[in-house]
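Analysis of the macromolecular model
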Amino acid sequence: MSESATGEAKAEVKQASKEVKESENVAEKYSAMTVSKNSEMNMGDLTTVLSAVPTHKPVKKQIQFVEDKQEFSRFPTKTGRRSLSRSISQSSTDSYSSAASYTDSSDDETSPRDKTQVNVKGSSDFCVKNIKQAEFGRREIEIAEQDMAALISLRKRAQSEKPLAGAKIVGCTHITAQTAVLIETLVALGAQCRWTACNIYSTQNEVAAALAESGVAVFAWKGESEDDFWWCIDRCVNTEGWQPNMILDDGGDLTHWMYKKYPNVFKKIRGIVEESVTGVHRLYQLSKAGKLCVPAMNVNDSVTKQKFDNLYCCRESILDGLKRTTDVMFGGKQVVVCGYGEVGKGCCAALKALGAIVYITEIDPICALQACMDGFRVVKLNEVIRHVDVIITCTGNKNVVTRDQLDRMKNGSIVCNMGHSNTEIDVASLRTPELTWERVRSQVDHVIWPDGKRVILLAEGRLLNLSCSTVPTFVLSITATTQALALIELYNAPEGRYKQDVYLLPKKMDEYVASLHLATFDAHLTELSDEQAKYLGLNKNGPFKPNYYRY
């Protein structure tokens, strides 16, 4: 080969190499599963079991229902950002998203209120994001049913008796696959249901679609505005030819709305079942003021709710939410947990197990002493605010973390909330011109100070585990079973059994709910002999602990 030919070949190779590099640079139970013979129970027994005793709890803080229409803070947003924070007001409705939902509210910006949708039965008495997602939602519900065996067995055992026949239940809860199992159980037991979401981001759109397709009147979608939220509640309550006689609430907003807007309908309610700290607090306040005109069941303070939904559930879901949103490694991180109640205890146990250095803030000396005995240092937030990596609130109070404290946090700190209400972190104070909000991913915002400092705020201060992850289905089965039995009792109770007051579920009820779930673990209870029962002064079939016993 001549030198000229060789040179040309080299030139071609060089040119090809150059083109490749350039292209690279351009490219970028009601159940058959009784635990023992002693745990068998029929519907007649339930009435006896559920004879609850009215209890009054001291209310530390006055909660009043204001006469004027609630006003909600609205702030300028960047293009594409959905409605922002709820106002810090009497409303307990913390808005949050569910990471379990595979559909995003931003896929279709058309408001569901502007759509005309019809289910297979020809009904349009619902308002969801997209009814066509029903098939996928049905699969999610079926998955949830597999880990809610006790609730499913309750459905199978009671559906022939239809203990809720004639019940018209209006519900305001998180609309997830697990809640759908509860709703469909209530329908199987004879109830008619109309449902809405207690939080503007908690709804799984595909699950709502599946419920609507099955005939349940659902008014909810992920990413509702404030106006949408109250509109959905009103559509559930105010409909021609249908008047509710039972309420299942989570947070008290539905109860509040009916009490203020539809007092005549509210007076005809046969019972309220409430599962949240905030909602129960409101009920006790109404009772104390002599304004509660219907009996109510306090599910939140049942042992099965406090211990399982609050402690064990949060022990798992706190890490799930933090990991999904931040990918943070907890070994050696300094974390402050505000509040050492059941939720705080669960969070601290999980964080400590991963090697985090955990501090506690507390107002209660008993809880503070428990924290000390569990190996945690109890501090005031201002003492450690400058050097901690993560702050988690779980008190149920307001302004637990203030703007002044947020100003003093170090760059890269994470702030989140595990309490029911969205008032614990003073998010409203961060909506100021000098601070920049930068959306990093769903439910994760960088709040940027003028000096460049960034604080990572999760779910805009709303409940972390349902905003950014999920909660264990098995735990929700326990709570849902308790709710279903409480509704059955209030609806079927003879006149005069329950006054216009707030009632705690009896110990026997808690024990029955727990017994239904023991079969999942193939657990076998030891039975007392007659001599042992007599010695302890107990009935062989329970209850096994007095009402004042602390588990």
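Each chain carries its own residue numbering, running from 1 in the direction its sequence is written. Local features in a predicted model are, by the rule used here, given only for residues with pLDDT of at least 70; side-chain atom pairs are given and counted only at 80 or more, and totals for whole chains, interfaces and linings are based on all residues. To obtain the side-chain values, all non-hydrogen atoms of the structure were used and water was disregarded.

Quick notes on the overall build of the protein
- Numbering of helices and strands runs from the N terminus; a helix is a DSSP stretch of H or I covering at least four residues, while a strand is a stretch of E covering at least two. On a plain count of helices and strands, the protein comes out with 19 helices and 15 strands.
- Each residue is placed in one exposure class: buried if its accessible area under a 1.4 Å probe, protein chains only, is under 20% of its type's maximum, exposed if it is over 50%, and partly exposed if it falls in between. Counting over 551 residues, the protein shows a buried share of 56%.
- If you sum the accessible surface of the protein, you get close to 24700 Å²; carbon and sulfur atoms cover 51% of it. Under the convention used here, a 1.4 Å probe and the Shrake-Rupley method define accessible areas, while residue burial counts only the protein chains that appear.

Some details on the side chain of S317
- Among the secondary structure elements, S317 is positioned in helix α11 (residues 303-326).
- Apart from residues no more than four positions distant in its own chain, S317 is found in contact with M418, N465, S469, T470 and V471. Between two residues, a contact is recorded if the distance between any of their heavy atoms is within 4.5 Å.

As for the packing of aromatic side chains
- The rule is short: rings of Phe, Tyr and Trp, with Trp giving its six-membered ring, pair when the centres are within 6.5 Å, and they are stacked under 30 degrees, edge-to-face over 60, tilted in between. A complete count under the given rule lists 10 aromatic pairs for this structure.
- When the ring of W230 is compared with that of W257, the centres are 5.2 Å apart and the planes differ by 20 degrees; the resulting orientation is stacked. One end of the pair, W230, is in helix α7 (residues 226-237); the other, W257, is in helix α8 (residues 253-261), with 27 residues separating them in the sequence.
- For the pair Y259 and F266, a centre-to-centre distance of 5.7 Å together with 80 degrees between the ring planes defines the contact as edge-to-face.

Thoughts on the sheet that holds strand β3 (residues 217-219)
- Across the sheet, which stays open at both edges, the seven strands sit in the order β3-β2-β1-β4-β5-β6-β15 with parallel pairing between neighbours. Edge positions in the sheet fall to β3 and β15 (502-504), since each of these pairs with one other strand and no more. Going across the sheet, the axis of each strand differs from the next one's by a mean of 20 degrees, ignoring polarity.
- As paired elements, strand β1 (residues 168-173) and strand β4 (residues 246-249) share four bridges and run parallel to each other. Within β4, the residue paired with C172 across the bridge is D249.
- Between N-to-C directions, angles span 0 to 180 degrees; the directions come from axes that are lines fitted to C-alpha atoms, helices contributing only their stretch in contact. α7 rests against β1, β2 (192-197) and β3 of the sheet, and its axis sits at about 175 degrees to β2. In this analysis, strands are considered paired if DSSP registers two or more bridges between them.

Things to note about the confidence of the model for the protein
- Predictor confidence is given residue by residue as pLDDT, running from a minimum of 0 to a maximum of 100. Overall, the predicted model of the protein reaches an average pLDDT of 83, with 80% of residues at or above 70.
- Predicted confidence is poor over residues 16-41, with pLDDT under 50, and the contacts of this stretch with residues over four places away or in other chains come to 54 contacts.
- Segment residues 56-106: pLDDT under 50, and 163 contacts once partners within four positions in sequence are set aside and those in other chains are kept.

Focus: the packing of helix α5 (residues 177-188) against helix α17 (residues 473-492)
- Between α5 and α17, whose axes approach to 9 Å, the crossing angle comes to 30 degrees. Classed by the angle they form, the pair α5 and α17 counts as roughly parallel. Crossing of α5 against α17: the hand is right-handed. Along its contact with α5, which presents Q178, L182 and L186, the element α17 presents T473, L476, A480, Q483, A484 and L487. Small angles under 35 degrees read as roughly parallel and large ones over 145 as roughly antiparallel, with 65 to 115 read as roughly perpendicular and the rest as oblique. Note on convention: the crossing is left-handed when the near helix lies turned anticlockwise from the far helix by less than a right angle, right-handed when the turn is clockwise.

Observations regarding the nonpolar core
- For our purposes a nonpolar core is just a set of buried Ala, Val, Leu, Ile, Met, Phe, Trp, Tyr and Cys residues, chained together by side-chain atoms within 4.5 Å. Among the nonpolar cores identified, the biggest contains 57 residues, and L164, I169, I175 and L186 are the most heavily contacted of them.
- Counting residues per element, the ones that place at least two in this core are α3 (134-146), α4 (149-158), α5, β2, α6 (205-214), β4, α17 and α18 (507-518).

Focus on the environment of I169
- In this fold, I169 is placed in strand β1.
- Through-space distance from the C-alpha of I169 to that of Q243 is 9.1 Å; in sequence the pair is 74 residues apart.
- When residues no more than four places from it in sequence are discounted, the contact partners of I169 are L164, L186, A191, Q192, C193, R194, W195, W242, M246, L248 and L487.

Observations regarding the sheet that holds strand β8 (residues 357-361)
- Taking strand neighbours across the sheet as the criterion, the eight strands line up as β9-β8-β7-β10-β11-β14-β13-β12 in an open arrangement whose pairing is mixed. Each edge of the sheet is formed by a strand with only one pairing partner; in this case those strands are β9 (377-378) and β12 (436-441).
- With five bridges connecting them, strand β13 (residues 444-448) and strand β14 (residues 454-458) associate as antiparallel partners. Across the sheet, V444 pairs through a bridge with L458, a residue of β14.
- Of the strands in this sheet, β10 (390-393), β11 (413-417), β12, β13 and β14 touch α11, which is tilted by about 130 degrees from β14.

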